[in-house]
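# Architecture and fold: a report
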Amino acid sequence: MDIPYNIYCNFIGGKWYLSTSTNTAKNVNPANTDDVLGTIRQATRDEARSAVNAAAYAFREWRATPAPARGRIVAKAARLLEENKEELAQLLTREEGKTIAESRGELQRSINVAEFCAGESRRMTGETIPSELPLNFAYTIKQPLGVVACVTPWNFPVAIPIWKIAPALVAGNTVVFKPASITPETAVRITTLFEAAGVPPGVLNLVIGSGSEAGDEIINHPAVKAISFTGSNGVGIRLYEQASRRGAKVQCEMGGKNPVVVLEDADMDLAVESTAQGAFGSSGQRCTATSRAVVMDQVADEFVERLAKRAESMRIGPGADPATEMGPTVDESQFNTVLKYIDIGREDGATLVCGGSRATGEGLDKGYFVRPTIFDHVTPDMRIAREEIFGPVLSVLRVKDFETAMQVANDCEYGLSSSIFSNDASRIFRFVDDIETGMTHINSPTTGGEAHIPFGGTKGTGIGDREQGSTALDFYTELKVVYVDYTGRKREGNLY
């Protein structure tokens, strides 16, 4: 059926269905809350169960489809993303709030990931292994898991679903896609593009609903063999506990408290601009955002002064304006969370250098705008130095030497991304060796990644296999070992 105007539907078994739920919410533009995109009906448990059942029913035929044929469908989805890039970027900015330049970048990343995964459909190779027995042959193959749940956040509502759905489909799994319920329109558009690309009924299903009801039903359904989740640590750990009890495979990409280390020999222009990009780009709403600056005492005063000037010069406004450098936080709840942490920073004794309040002015009063905020003289025990804020708030921690910088940078439960600014090769490589993060950058921001390179973190950030790149299919496949005995004789003796 056609999607009803301004009401978001679920996609189950190849058909669009309007939820019967009476639990509704408005989908509003975070830059202007008068701009209502549509109405969300939170899917019921029964509807979520139907989606899983549809995926389970479709699995046998989909897994029997040759991998290159599956890849052609994903490749067509990539072309459709390319053809609709500008429309989707404008929609992304309107729904999530990021600047139009950031949205275009997210769309290009999504296209790149889909193209890469389509290519992987022709490289689903195993290995041949010499047997210790004569006239015996051993090899490995990769096989799909079954129904996979892809649970995605609101901060990258196009790219993260694509980098989960594309490899899951290429590997031969069927998918139940549960996006964040505050970004439903981008989720619907992604699904319609895969539908147009030729995904068979039941192979990709969309359920728009709360985590406590629809999400819980999906996670606990016995037909769901694997869950790929991106979101907060609290939700991710609970999901992992639930799913692992029944033996499901789980992949969680969770929080970050990413440090940039600025040594005394750093290129100060580069360090300041890169830190500003990492801390305030996407309003700080990236898991790879820079939220701690660990700075040597010798250059700390200069660094803070110059970074504050850069922060105060940033143009804040609706993301649709090409001149905007920083848009709003995504919704009222996140807006209040950011302001709460700013109050906590003050209470804990950190020095507020700039920002620290709601941004006001022409065109800002109806949106969730927070001024770029810098705290100086932050100590490692303060909450703003330890807890993920997910907003445009940077903590500066001053250190006396490189060894202390490493200790402070690693004093964190998370381990996603990091960066260092220095021209000293010895200390750069010591940093690479010793920093406890899954990704690190040299003389560039903590943010950023490429479609053909693995993405993920260590410590409290990540559970399970890495996403994207050469590791993209690892989570979505099971390795099977095959032994071929062509002696034609009964085996003598006991071999293990």
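Attention here is on the structure that accompanies the text. These figures come from a predicted structure and were not determined experimentally.

### Some thoughts on the packing of helix 2 (residues 67–83) against helix 4 (residues 100–120)
Where helix 2 meets helix 4, the closest approach of the two axes is 8 Å, and the angle between their N-to-C directions is 160°. The pairing of helix 2 with helix 4 is recorded here as roughly antiparallel in orientation. For helix 2 against helix 4, the interelement crossing comes out left-handed. Between helix 2, through G71, V74, A75, A78, L81 and E82, and helix 4, the contact on the second element is made entirely by L107, Q108, S110, I111, A114, E115 and A118. The residue inventory of the contact of helix 2 with helix 4, partitioned by class, reads 8 nonpolar, 3 polar and 2 charged.

### Focus on empty space enclosed by the protein
A water-sized probe, rolled over the atoms, reveals where empty space remains. This model, assessed by the stated rule, comprises 2 cavities of 30 Å³ or more. Each pocket or cavity is described by its volume, and for the largest cavity that value is around 90 Å³. G284, A289, S291, I389 and F390 are the residues nearest the centre of the largest cavity, which is lined by 15 residues in total. Here the lining of the largest cavity is built from residues that sort into 6 nonpolar, 6 polar and 3 charged. Looking at the second largest cavity, its volume works out to about 50 Å³. Contributing to the lining of the second largest cavity are 14 residues, with P259, R292, Y414, G415 and T437 lying nearest its centre. Among the secondary structure elements, those contributing two or more residues to the lining of the second largest cavity are strand 12 (258–262), helix 13 (402–410) and strand 17 (414–415). Within the lining of the second largest cavity, the residues separate by chemical class into 5 nonpolar, 5 polar and 4 charged.

### Quick look at the environment of R246
Turning to its location among the elements, R246 is positioned in the loop between helix 8 (233–245) and strand 11 (249–253). A residue is classified by how much of its surface remains accessible, and R246, at 30% relative accessible area, is partly exposed. In this structure, the C-alpha to C-alpha distance between R246 and A118, residues 128 residues apart in sequence, is 31 Å. Each residue touching R246, except ones within four places of it in the same chain, is listed here: I218, I219, N220, H221, P222, V224 and I227.

### Description of the pairing of strand 15 (residues 373–376)
Taking every second residue as pointing to the same face, both faces of strand 15 are buried, with T373 and F375 on one and I374 and D376 on the other. Pairing geometry for strand 14 (residues 351–354) and strand 15, over 3 bridges, is antiparallel. Bridge pairing links C354 to I374 in strand 15.

Each value, and the rule that gives it
In this convention, every chain numbers its residues from 1, walking through the sequence in written order. This being a predicted model, a pLDDT of at least 70 is required before a residue's local features are given, and a value of 80 or more before pairs of side-chain atoms are given or counted; all residues contribute to the totals for chains, interfaces and linings. Excluding hydrogens and water, the side-chain values take into account all heavy atoms of the structure. The axes used here are C-alpha line fits, helices contributing only the stretch in contact, and every angle between their N-to-C directions lies in the interval 0 to 180 degrees. The way it works is that DSSP assigns letters per residue, a run of H or I at least four long becomes a helix, a run of E at least two long becomes a strand, and they are numbered from the N terminus. Under this scheme an angle from 65 to 115 degrees is roughly perpendicular, one under 35 degrees roughly parallel, and one over 145 degrees roughly antiparallel; angles in between are oblique. Working rule for handedness: look at the near helix, and if it is turned counterclockwise from the far one by less than a right angle, call the crossing left-handed; if clockwise, right-handed. Contacts are assigned to residue pairs that have any heavy atoms within 4.5 Å of one another. Each residue is assigned to one class: nonpolar for Ala, Val, Leu, Ile, Met, Phe, Trp, Tyr, Cys and Pro, charged for Asp, Glu, Lys and Arg, and polar for all the others, Gly among them. Definitions used throughout: a 1 Å grid over protein atoms alone; a cavity as a set of points that fits a 1.4 Å probe which cannot get out; a pocket as an open set with protein on both sides within 12 Å along at least five of seven lines; a lining residue as one with an atom within 4 Å of a point. Grid points are joined across faces, edges and corners, and a volume is the space filled by probe spheres set on the points. Here the term buried applies to any residue with accessible area under 20% of the maximum for its type, exposed to any over 50%, and partly exposed to those in between, with areas from a 1.4 Å probe on protein chains only. Any two strands with at least two DSSP bridges between them are considered paired.

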